[in-house]
Structure formats: structure tokens, C-alpha cells
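Structure at a glance
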Amino acid sequence: NLLWYGQNPSLMMHKADRVEFEKLPEKITVYRGIKLDKRITKSNIHKYFGNAWTTSLKNAISYANDNMKQILKLEIMKSNAIAYFGSATCNDVFIDFEKNPHLESQIQIIDASKIIDAS
């Protein structure tokens, strides 16, 4: 579980992050790079989706393991995000899947090597 600050997890954010969070569109595309030695499938995805995602596809690809470059992609409403850490290097969005279990079925698995090869 995430570290909660009372009943308001947005208190984890610095003032500048809250300002940047407010600027995000209502619908946000987020990604998660996965470091694994085996393929992610719809049947095992629940083990790997975690709370920390990024709005940067480039960051997700760079985090993904070289052997099995897979990334997860998810479109969420801003209201599904509980915190945002927007710096030049991270652009992390935190999602509470316990409060939003419906999001799991919407996660897409992407072979990042195809994105890299196409660029």
C-alpha cells in the first residue's frame, strides 16, 4: 500500500507538483516499464502493474528490461491519480488500484522493441 498522509495522499506532493498536476488533462495516458525475464500476459499482469506510472513513454521504455522490453499502457481519468511528481526526469503518477480495481482490465501490454524499431 502507498504511504498515506492521513486521508489526503496529495499531501505527498510538493506545491510545484500540485500546480503541474492541475495542468494535466482530465484524461491521462500513463506507462510503466517492466523489468522481467519472462513475458507479461493478461493472466499474470496483476503481479506487475504497481502504483507508480509515468506520463513519459520514453521513460517507461528506458526503464524496461533489455531482454523483455515490455511496457504497460493505461488511460486514466485524472481523478484516478492520487499523486503526481513532475520533474524533468520522472513525471510519475501514482494510482491506487485498490480503490480503482476496474483499471486492471484496461491495461495494455506493449512490446517496446517495436516502438524503438519504428523510431
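Our structure's up above, just so we're on the same page.
All of the points below concern the structure found in this document. (Residues numbered from 1 in each chain as written. Predicted model: local features only at pLDDT ≥ 70, side-chain atom pairs only at ≥ 80, totals over all residues. Heavy atoms only, no water.)

The next thing to look at is the packing of aromatic side chains. Aromatic ring pairs are reported here in terms of the distance separating the ring centres and the angle at which the planes meet. All told, the structure shown has 3 aromatic pairs when counted by the stated rule. Seen from their ring centres, Phe 21 and Tyr 84 are 6.4 Å apart, and the 35 degrees between their planes marks the pair as tilted. Here Phe 21, found in helix α1 (residues 15-23), pairs with Tyr 84, found in strand β4 (residues 81-85); they are 63 residues apart in sequence, far enough to count as distant. For the pair formed by Phe 21 and Tyr 84, the shared burial category is buried. Look at Trp 53 and Phe 97: their rings are 6.1 Å apart centre to centre, the planes differ by 40 degrees, and that puts the pair in the tilted class. Remark: Phe 97 occurs in the loop between β5 (92-95) and β6 (108-111) and Trp 53 occurs in strand β2 (residues 52-54); sequence separation between them is 44 residues. Directly above the aromatic system of Phe 21 lies the positively charged group of Lys 78, at a separation of 5.5 Å from the ring centroid. (Phe/Tyr/Trp six-rings, centres within 6.5 Å; stacked < 30°, edge-to-face > 60°. Helix = DSSP H or I, 4+ residues; strand = E, 2+ residues; numbered from the N terminus. Buried < 20%, exposed > 50% of the residue type's maximum accessible area, 1.4 Å probe, protein only. Lys NZ or Arg CZ within 6 Å of the ring centre and 35° of its normal.)

The full count for this structure, using the stated rule, is 3 salt bridges. In this structure, the salt-bridge partner of Glu 75 is Lys 27, at a minimum N-O distance of 3.3 Å. With Glu 75 in strand β3 (residues 70-77) and Lys 27 in strand β1 (residues 27-34), this pair connects stretches of sequence that are 48 residues apart. Look at Glu 75 and you get partly exposed, because its relative accessible area is 35%. (Salt bridge = Lys/Arg side-chain N within 4 Å of Asp/Glu carboxyl O.)

Soluble globular proteins tend to bury their nonpolar side chains together. Membership of the largest hydrophobic core comes to 25 residues, with the highest contact counts inside it found for Trp 53, Leu 74, Ile 76 and Ile 95. Elements represented by at least two residues in this core include exactly β1, β3, β4 and β5. Here this core takes 4 residues from β4, the largest share from any one element. The next biggest cluster of nonpolar side chains, apart from the first, holds 7 residues, and it includes Ala 60, Ala 64, Ile 71 and Ala 112. (Core = buried A, V, L, I, M, F, W, Y, C linked by side-chain atoms within 4.5 Å.)

Taken by themselves, the reported measurements are silent on function.
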